[in-house]
Structure formats: structure tokens, C-alpha cells
Amino acid sequence: MKDIYILGIESSCDETAASVVKNGRVVLSNVINTQIDIHKLYGGVVPEIASRNHILNISEVVKLAIKEANIDLNKIDAVACTYGPGLVGALLVGLSYGKALSYALNVPLIGTNHIEGHIAANYITYQELKPPFLCVMMSGGNTQIIYIKDYTEFEVLGRTKDDAVGEAFDKVARIMELGYPGGPKIDELGKNGKPSIELPKTHMENLDFSFSGIKTAVINLHHKNPNINKEDLCKSFEKTVAEILVENTQKAINKTGINTIVLAGGVSANSYIRNEFLKLNNAKVYMPDLKLCTDNAAMIASAGYYDFVAGKISDLTLNAEPDLKL
Ligand code: KG4
């Protein structure tokens, strides 16, 4: 069979990224220009600034991805672009660039769902991984348990009713003045802490999640006692969040009988949470390579490949969808 080369483009938040992936699994280049240093001055992503920086960066990032892949542009079979969910202005930059490129190269455009991209990060990390499996999606904007029936067929079994787990990490870190993005800072501090502080868990009847209770509890504790041991608070927060995620995953395993578990999204980079998932009984757990947990375009190219082979091609009227669901 002929090899298929997909150029992926990602610009949904504060990373401008491009990548060339062969046959959905082999990464030939993965270029990421992150704006973290710009946004950390404001304590979080400023959408307008993100859009403007994507415009400044996109052309060079795509050129570099082509150069590092050592491939002629004419060998690209399709251009896969994130079209949602994300910040609308940021999405529009990558999508417009991708549309222009697909038109100029006369190759298909594939509008790719960012959440599908996070799942596909695992296809790159584990060449043998195939659906069906359960995915625990834990990112800055989403927290869900998804039944992956096939490469392009999904059923959401449960989702957060309030904050996404990454959002809770970032808000807690902000109150503790740890800086942005908060997740990695909590991860680092928590390594030296003790899980000695009792925090609440909101129990849901079904497979949904809730993280606002624990977030508010940490914020209140910190307000009442600014000298509280930050390392212990970080570790206690991680421990409780991990329990919520793992207990819900166990419920999903019991309900579906599927025991192949795949983690995805930025919070799946958390060292404590990764370790707790490995303790799940009777389950085979996969987690993305650390550099593929957070936003990148290799995962978009991989997800785009599976849309391409399934014939899910977009046209040039495709628009950005900030609230796109699976
Ligand atoms: O998946 P992602 O890159 O963005 C979305 O698509 O939403 O996730 C970003 C989130 C941020 O909330 C960030 O704080 C969190 O992932 N994160 C972490 C870690 N690394 C990134 N959270 C906990 N521990 C980490 N090591």
C-alpha cells in the first residue's frame, strides 16, 4: 500500500504547531512554538495575544515542519487542521493557513477535532494500540470518559459538570501564586509533599465528574491559612484528583467490561496521576509519551490520517468551532 503523509496544523490555544506524520503513526517532524513565556506575564492565556502570535509564527512553523521531515511539499497527501474546540481567533489562524495550503497544493483538507487529536497521541506512542478502548481525557478544557469504538467512532460516557481537571490545576496554582501553567508547578511541588490534608470529593451517580468542590476547598484553605505548607497542599490536591479520576475509570470498566484504558490530554503528564493509574487492577493502561500529552500537531496529523482513510474530508467552507464536541 502507498504511504500516506499528512501535514498537521494545531493552533487552538497558545501553541503554534505543525507536523508531518506517515501512515498515522510515524512522526517525521513535530515543531511546536509555545507562547507560554508571553502569557505567563498575565497569569493565563490572553486570547487576542494568542491569535496575533499565531499569525506571526504559523508560516515559519509549517516551513520548519516540512524541512525537518525532509519531504517535498508535493508529497503531502492531505492537510489536517484543528478546527475546534479552542479559542476562536486562535483556531482561525491555523485553519485559514491550512485551507490556503490545501487549495494551493490541491490536496484534501481535513478538519480535525482537537479532542480526537489528544486520543491519537497514543497511536504514535504505542504502535500496537487499536480500538476499542476507554479513554480518560484530562486536559485544560475537557475532562471526559470516552468509549473509542473505532478510530473515528466515539461515545462519551461521562464528562465534567463544571471545571475541567486542567482548569482546576491552573486555578489552584494561580491562587497559590505558583505561576502559569499551574499543572507542571503543582506536579513539581507535590513531589516533596505529604498527602496529609483532607479534601472533598463530589460523588456523581453516573460517570460524570465534578472538580469545582475540590478547587474551591483548596482556594478557601489557602485564603484562611496563607502559610499552609504548599507542598502538602499540592500533594493532597493531586491525590484527591487522582482518586476521582481512577474511581470513575474503575466504574467505567465495571459498566462496559472494557479494560484497556488510555489516558490523554495535558494532565496525563502529571507524574502522580500516571503512577496511580498504573495501580488499576485488571486493566492495561496506556499513557502518551510526555512530550505528546500537551498540545502538538503530530497528534492532529495522526487523527487526521484516520479521518482521511475513513473518507471524512472537509471543504473550504469549514469554519472554526470553539465549542466543538466529540
Ligand atoms: O491538553 P492541554 O495541553 O490543553 C488542552 O487541550 O486543553 O492541557 C493543558 C493543561 C493545563 O491545564 C496544564 O496545567 C495541564 O494540562 N498540565 C498538567 C501537567 N502538565 C500540563 N497538569 C498536571 N500535571 C502536569 N504535569
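A. A look at helix H3 (residues 88–105). The first and last C-alpha atoms of H3 sit 25 Å apart over 18 residues, in line with the 26 Å expected at 1.5 Å per residue. Residues Ala90, Leu91, Val93, Gly94, Leu95, Gly98, Leu101, Ser102 and Leu105 constitute the buried set of H3. Elements that come into contact with the buried residues of H3 comprise strand S1 (5–10), helix H2 (47–69), strand S4 (78–84) and strand S5 (109–113). Phi turns positive one or two residues past the end of H3, at Asn106, with a value near 60°.

B. Representation of the site of the ligand within the structure. Surveying the vicinity of the ligand reveals 18 residues, the closest of which are His114, Gly140, Asp170, Asp187 and Gly266. In this structure, an oxygen atom belonging to the ligand sits 3.1 Å away from a main-chain N or O atom of Gly166. Expressed as a share of its isolated accessible area of 560 Å², the protein-covered part of the ligand is 87%. Across the shell around the ligand, the residue classes tally to four nonpolar, eleven polar and three charged. Looking at which domains feed residues into the shell around the ligand, each of domain 1 (5–120 + 293–309) and domain 2 (131–288) supplies at least three.

C. Fine view of the packing of aromatic side chains. Applying the stated criterion across every chain, the model contains eight aromatic pairs. Both rings, one in Tyr126 and one in Tyr286, keep their centres 4.8 Å apart while their planes meet at 80°; by these two values the pair is edge-to-face. Taken together, the residues Tyr126 in the loop between helix H4 (114–125) and strand S6 (133–138) and Tyr286 in strand S10 (residues 284–286) connect sequence positions 160 residues apart. Judged by relative accessible area, which is 9%, Tyr286 ranks as buried. On the numbers, 4.9 Å between centres and 75° between planes, the contact of Phe169 with Phe237 is edge-to-face. You can see Phe169 sitting in helix H5 (residues 165–175) and its partner Phe237 sitting in helix H8 (residues 230–256), a full 68 residues away along the chain. Each member of the pair, Phe169 as well as Phe237, is classed as buried.

The rules behind each value
- Residues numbered from 1 in each chain as written.
- Predicted model: local features only at pLDDT ≥ 70, side-chain atom pairs only at ≥ 80, totals over all residues.
- Heavy atoms only, no water.
- Helix = DSSP H or I, 4+ residues; strand = E, 2+ residues; numbered from the N terminus.
- Expected span 1.5 Å × (residues − 1).
- Buried < 20%, exposed > 50% of the residue type's maximum accessible area, 1.4 Å probe, protein only.
- Contact = heavy atoms within 4.5 Å.
- Near = heavy atom within 4 Å.
- Polar contact = N/O pair within 3.5 Å; in protein donor to acceptor, adjacent residues only side chain to side chain.
- Areas by Shrake-Rupley, 256 points an atom, 1.4 Å probe, with all protein chains shown as cover.
- Nonpolar A, V, L, I, M, F, W, Y, C, P; charged D, E, K, R; others polar.
- Domains from an automatic or database assignment.
- Phe/Tyr/Trp six-rings, centres within 6.5 Å; stacked < 30°, edge-to-face > 60°.

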